[in-house]
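# A structural walkthrough
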Amino acid sequence: IITTSTDARTVAVACYDLGEFARNHSSGRAVMRQLGLKAQLMSQLNRPDADVQKQALLACSKMMVDSWQFVGSGGGRSG
């Protein structure tokens, strides 16, 4: 869908879903690597729609994070 659809919203949602698959499924990152989805996600950065670009980049980020327990939601340091 991410390489064939012309609808930006569809592609953005598909990118989001792939990122969530990578983050939540125990083998998600490995499956996505085997299918070569990182390159397909990165190719979406060339699309003109900012939301597609954002979701594709976030999905790639989710593929690279090993342990979500260390990723804080605050975004800053305490103390």
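Here, the structure is the one placed above.
Residues numbered from 1 in each chain as written. Predicted model: local features only at pLDDT ≥ 70, side-chain atom pairs only at ≥ 80, totals over all residues. Heavy atoms only, no water.

## Structural notes on the overall build of the chain
- Secondary structure assignment for the chain yields four helices and zero strands.
- Order of helices (α) and strands (β) in the chain, N terminus to C terminus: α-α-α-α.
- Counting the 79 residues in the chain, one finds 29% classified as buried.
- When the accessible surface of the chain is totalled, it reaches about 5,400 Å², and 53% of it is carbon and sulfur. (Helix = DSSP H or I, 4+ residues; strand = E, 2+ residues; numbered from the N terminus. Buried < 20%, exposed > 50% of the residue type's maximum accessible area, 1.4 Å probe, protein only. Areas by Shrake-Rupley, 256 points an atom, 1.4 Å probe, with all protein chains shown as cover.)

## Comments concerning the pattern of salt bridges
- Counted according to the given criterion, the structure contains two salt bridges.
- As a salt-bridge pair, Arg23 and Glu20 come within 2.8 Å of each other at their nearest N and O atoms. Remark: Glu20 and Arg23 occur in helix H1 (residues 8-24); sequence separation between them is three residues, near one turn of the helix.
- A residue is classified by how much of its surface remains accessible, and Arg23, at 35% relative accessible area, is partly exposed.
- Classification of Glu20 as buried rests on a relative accessible area of 16%.
- Two residues, Lys62 and Glu20, come together in a salt bridge whose shortest N-O distance is 2.7 Å. One end of the pair, Lys62, is in helix H4 (residues 50-64); the other, Glu20, is in helix H1, with 42 residues separating them in the sequence. Considered together, Lys62 and Glu20 belong to a single accessibility category, that of buried residues.
- Salt bridges sharing partners connect three or more residues here, namely Glu20, Arg23 and Lys62. (Salt bridge = Lys/Arg side-chain N within 4 Å of Asp/Glu carboxyl O.)

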